[in-house]
Amino acid sequence: MAAAGTNGAVVVVVGEGDLKATFRQIYDRLKSELLQDDAFDCTDEARQWIDRMLDYNVPGGKLNRGLSVIDSYKLLKEGNQLNDEEVFLGCALGWCIEWLQAYFLVLDDIMDNSHTRRGQLCWFRVPKVGLIAVNDGILLRNHIPRILKRHFKGKPYYVDLLDLFNEVEFQTASGQMLDLITTHEGEKDLSKYTLPVYNRIVQYKTAYYSFYLPVACALLMAGENLDTFVDVKNILVEMGTYFQVQDDFLDCFGDPEVIGKIGTDIEDFKCSWLVVQALQRANENQMKTLSEIYGKSDPTCVAKVKSIYKDLDLQNVFAEYERTSYEQLISSIEAQPSKAVQGVLKSFLQKIYKREK
């Protein structure tokens, strides 16, 4: 099907049947537009660099955040068929979130001195990239307002979109700062690892951009005022916290074959939900052992930490946390006056409840 795009061009989408295929097609279109952006007189070498950099960093993940925008918008439309322009705009906003994610991850990997991401070398470790990756991260961030300007400038919610992306980026960068200064290299101090500190890091570093941002984009597209959805924001932030707690649990107790990676939170001295819970429950000897070995990469030390977690029954502590979190979230969701909004929130929760990867 073809339809007039927001800048007068023809938008071709394959309908809603295979949304993921449509979503990926729209990535190709957005990338092509960025490579031909007349604000920068691009050389062939620069164009090839950007092309490769984008393909390496933007579309390689599960795309859950991006697809959540169009999924949420469909639910807000309560069964009304989306036209091609709506599908395109929802997908374009979804890709803006994936661009934001790529920007965070490229810089995050440099800060963490990581080696692999999504089953391949981190971008800065690719030969001939190195610290050029810092500027690539800045470019990724700057692509977002280029996409928004091209496709949303005529929309009544355009300024709200710009504000939303700016605010969520600020919150996420602030969360990253909290994480970095709490887990400072060479200053291994477990006394900093408390539940309020953990919750604050997770809320700002993960929950706003992973859970609130996709729904906020869909609400703006649907003509809603975000100021009237503060409760929805709080529910999504709580959901994001629950998601990260799951992640921390799976890092230690998940099956690497299922989750697709070998967890390293213990070796990396991460402020993980598990270590926070252990510190609240440990006796004097366990506390002493954790202080001495948490953060060491020696497999024997890692096994000892896991043994303490098991002795403290953290698997059951997590199961109880998961049960009560789910009940509280369902209760908060069902208190929302809009059935469509309830549907959006429940769809998010069903995707993550009792997940194994």
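What you are looking at is a predicted structure, and each value in this text was computed from that prediction instead of being measured.

### Some words on the environment of Tyr294
Piece 1. Topologically, Tyr294 is positioned in the loop between α11 (284-293) and α12 (299-311).
Piece 2. Residue Tyr294 is classed as buried on the basis of its relative accessible area, which comes to 3%.
Piece 3. Separated by 221 residues in sequence, Tyr294 and Tyr73 have C-alpha atoms that sit 44 Å apart.
Piece 4. For Tyr294, the side chain forms a polar contact with the main-chain oxygen of Lys270, separated by 2.7 Å.

### Topic: the packing of helix α1 (residues 19-35) against helix α2 (residues 44-57)
Piece 1. The N-to-C vectors of α1 and α2 enclose an angle of 150°; their axes lie 10 Å apart at closest approach. As summarised for this structure, α1 and α2 are arranged roughly antiparallel, according to the angle between their axes. Considering the relative orientation of α1 and α2, their crossing is right-handed. Contacts between α1 and α2 pair Tyr27, Lys31 and Leu35 from the former with Arg47, Ile50, Asp51, Leu54 and Asp55 from the latter.

### Quick notes on the packing of aromatic side chains
Piece 1. Scanning all chains against the criterion turns up 20 aromatic pairs.
Piece 2. When the ring of Tyr27 is compared with that of Trp99, the centres are 5.7 Å apart and the planes differ by 40°; the resulting orientation is tilted. Placement of Tyr27 in helix α1 and of Trp99 in helix α4 (residues 84-112) is noted, with a sequence separation of 72 residues between them.
Piece 3. Taking the centre distance of 5.5 Å and the plane angle of 35° together, the rings of Tyr204 and Tyr208 count as tilted. Here Tyr204 pairs with Tyr208, and both are found in helix α7 (residues 195-221), just four residues apart, close to one helical turn.
Piece 4. What links up through ring pairs into an aromatic cluster is the set Tyr242, Phe249, Phe253, Trp273, Phe318 and Tyr321.

### Describing the environment of Val106
Piece 1. Structurally, the position occupied by Val106 is in helix α4.
Piece 2. Residue classification places Val106 among the buried residues on the basis of a relative accessible area of 4%.
Piece 3. Here the alpha-carbon distance between Val106 and Gln176, two residues 70 residues apart in the chain, equals 13 Å.
Piece 4. With sequence-adjacent residues up to four places away left out, Val106 is seen in contact with Asn57, Trp123, Ala133, Gly137 and Leu140.

### Section: a negative patch on the surface
Piece 1. Side chains of Asp160, Asp163, Glu167 and Asp227 sit close together on the surface and give a patch of like negative charge.
Piece 2. In this structure, Asp227 sits in the loop between α7 and α8 (230-253).
Piece 3. The exposed category is assigned to Asp227, whose relative accessible area is 63%.

### Quick look at the pattern of salt bridges
Proximity of charged atoms lets side chains of opposite charge pair with each other.
Piece 1. Applying the stated criterion to the full structure yields 17 salt bridges.
Piece 2. Among the ionic pairs, Asp179 bridges to Lys205, the shortest N-O distance being 2.7 Å. In this pair, Asp179 is assigned in helix α6 (residues 158-182) and Lys205 in helix α7, connecting sequence segments 26 residues apart.
Piece 3. In this structure, the salt-bridge partner of Glu320 is Arg323, at a minimum N-O distance of 2.6 Å.

### Here we look at α4
Piece 1. The first and last C-alpha atoms of α4 sit 41 Å apart over 29 residues, in line with the 42 Å expected at 1.5 Å per residue.
Piece 2. Burial within α4 is extensive, with 25 of its 29 residues counted as buried.
Piece 3. At the N-terminal boundary of α4, the capping side chain belongs to Asn83, with an oxygen 3.1 Å from the backbone nitrogen of Glu85.
Piece 4. Positive backbone phi, at 55°, marks Asn113, one or two positions downstream of α4.

### Quick word on a nonpolar patch on the surface
Piece 1. A contiguous nonpolar patch, built from Met111, Met177, Leu180 and Ile181 and spanning about 350 Å² of accessible area, is present on the exposed surface.
Piece 2. A total of three residues in the nonpolar patch trace back to one element, the largest contributor, which is α6.
Piece 3. Relative to the helices and strands, Ile181 is located in helix α6.
Piece 4. According to the relative accessible area criterion, Ile181 is partly exposed, its value standing at 44%.

### Some thoughts on the side chain of Asp248
Piece 1. Of note, Asp248 is situated in helix α8.
Piece 2. At 2.7 Å, the side chain of Asp248 and the side chain of Tyr198 are in polar contact.
Piece 3. Discounting chain neighbours no more than four positions away, the residues touching Asp248 are Tyr198, Asp265, Ser272, Trp273 and Leu274.

### Concerning the nonpolar core
Piece 1. Counting residues in hydrophobic clusters, the biggest one holds 85 residues, and the most contacted among them are Trp99, Phe165 and Met239.
Piece 2. At 16 residues, α4 tops the list of elements feeding residues into this core.
Piece 3. Each of domain 1 (17-154) and domain 2 (157-356) gives at least three residues to this core.
Piece 4. Counting residues in each nonpolar core, the second largest holds 28 residues, with Val202, Cys271, Leu274 and Cys301 among its members.

Rules behind the numbers
Residues numbered from 1 in each chain as written. Predicted model: local features only at pLDDT ≥ 70, side-chain atom pairs only at ≥ 80, totals over all residues. Heavy atoms only, no water. Helix = DSSP H or I, 4+ residues; strand = E, 2+ residues; numbered from the N terminus. Buried < 20%, exposed > 50% of the residue type's maximum accessible area, 1.4 Å probe, protein only. Polar contact = N/O pair within 3.5 Å; in protein donor to acceptor, adjacent residues only side chain to side chain. Axes fitted to C-alpha atoms, helices over the stretch in contact; angles between N-to-C directions. Parallel < 35°, antiparallel > 145°, perpendicular 65-115°, else oblique. Left-handed = near helix turned anticlockwise from the far one by under 90°. Contact = heavy atoms within 4.5 Å. Phe/Tyr/Trp six-rings, centres within 6.5 Å; stacked < 30°, edge-to-face > 60°. Patch = residues over 30% accessible without salt bridge, like charges linked within 9 Å, V, L, I, M, F, W, Y side chains within 5 Å. Areas by Shrake-Rupley, 256 points an atom, 1.4 Å probe, with all protein chains shown as cover. Salt bridge = Lys/Arg side-chain N within 4 Å of Asp/Glu carboxyl O. Lys, Arg positive; Asp, Glu negative; His and termini not counted. Charge placed at Lys NZ, Arg CZ, Asp CG, Glu CD. Expected span 1.5 Å × (residues − 1). Core = buried A, V, L, I, M, F, W, Y, C linked by side-chain atoms within 4.5 Å. Domains from an automatic or database assignment.

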